[in-house]
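Coordinate inspection notes
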Amino acid sequence: MEILSTTEHNIQFYFALFVVIAITSLCLVLGTVSIVVMSIEKSPKLSDIILTVVLLCCAGFFIVVTVQGINKGAEVTHKAKITDFNEVYDNGYEVVGKDGSLYIITKEK
């Protein structure tokens, strides 16, 4: 196995991270506005309470997704010339695609 090039997919990573952070922010803002509106009202409706809980749960979920994405980092792939596939798997790589006579591999997590 001979690794010829390495690619780190930063643009995809940061775009996905931006989208998740934007959705998280939207859920947090809408949840906060909903709490403020309910505190102003004398008796909030059950649907308002459910909406607030759902928005804040979604925000919590997206916060967890964001932290996991940051910890994982951008995907790194390698183009390699492979003659022995056992060597690939023994070194902790997996084949994810093929580009002509070269194979696209990534390190197993």
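Described in the following lines is the structure provided in the data block. Just so you know, the residues in each chain are numbered from 1, in the order the chain's sequence is written. The predicted nature of this model means local features are confined to residues of pLDDT at least 70 and side-chain atom pairs, given and counted, to a pLDDT of 80 or more, with totals for whole chains, interfaces and linings taken over all residues. With hydrogens and water stripped out, all remaining heavy atoms of the structure feed into the side-chain values.

**Side note on the packing of aromatic side chains**
Put simply, the test is: Between rings of Phe, Tyr and Trp, where Trp is taken as its six-membered ring, a pair exists when centres lie within 6.5 Å; planes separated by under 30 degrees are stacked, by over 60 edge-to-face, and by other angles tilted. A run of H or I in DSSP counts as a helix once it spans at least four residues, and a run of E counts as a strand once it spans at least two, with each numbered from the N terminus.
With the rule as written, the count across this model stands at three aromatic pairs. Geometrically, the ring pair formed by Phe-13 and Tyr-14 is edge-to-face, given 5.1 Å between the ring centres and 65 degrees between the ring planes. Seen in terms of ring centroids, Phe-85 and Tyr-103 are 5.1 Å apart; in terms of plane orientation they differ by 85 degrees. Their pairing is edge-to-face. With Phe-85 in helix α3 (residues 85-90) and Tyr-103 in strand β4 (residues 102-107), the pair connects residues that are 18 residues apart, well separated along the chain.

**Quick look at the pairing of strand β2 (residues 76-81)**
Here is the rule: Pairing between strands is defined by DSSP: at least two bridges between them are needed.
Pairing of strand β1 (residues 2-8) with β2 involves six bridges; the strand directions are antiparallel. From the neighbouring strand, Glu-8 faces β2, where its bridge partner is Val-76. Pairing geometry for β2 and β4, over three bridges, is antiparallel. Of the residues in β4, the one forming a bridge with His-78 is Ile-105.

**Some words on the layout of surface pockets**
What counts here: A cavity here means a set of points on a 1 Å grid, drawn over the protein atoms and nothing else, where a 1.4 Å probe fits but cannot get out; a pocket is an open set with protein on both sides within 12 Å along at least five of seven lines, and a residue lines either one if it has an atom within 4 Å of a point. Grid points are joined across faces, edges and corners, and a volume is the space filled by probe spheres set on the points. Under the scheme applied here, ten amino acids are nonpolar (Ala, Val, Leu, Ile, Met, Phe, Trp, Tyr, Cys and Pro), four are charged (Asp, Glu, Lys and Arg), and all others, including Gly, are polar.
The space that makes up the largest pocket amounts to roughly 190 Å³. Together, 13 residues line the largest pocket, and Phe-13, Ala-16, Leu-17, Gly-69 and Gly-73 are the ones closest to its centre. Listing elements by their share of the lining of the largest pocket, those giving two or more residues are α1 (10-40) and α2 (46-72). Counting residues per element, the lining of the largest pocket draws most heavily on α1, at five residues. Split into classes, the residues belonging to the lining of the largest pocket amount to six nonpolar, five polar and two charged.

**Section: the packing of α1 against α2**
Spelled out, the test is: Axis definition: a line fit to C-alpha positions, over the contact stretch in the case of helices; interaxial angles, taken between N-to-C directions, run 0 to 180 degrees. Should an angle fall under 35 degrees it is taken as roughly parallel, and over 145 as roughly antiparallel, whereas 65 to 115 is taken as roughly perpendicular and any remaining angle as oblique. Here a crossing is taken to be left-handed if its near helix is turned anticlockwise relative to the far helix by less than a right angle, and right-handed if that turn runs clockwise.
Between α1 and α2, the least distance of the axes is 8 Å, while the angle of their chain directions is 155 degrees. The orientation of α1 relative to α2 falls into the category roughly antiparallel. Considering how the two elements wind past one another, α1 and α2 form a crossing that is left-handed. The residue inventory of the contact of α1 with α2, partitioned by class, reads 19 nonpolar, six polar and one charged.

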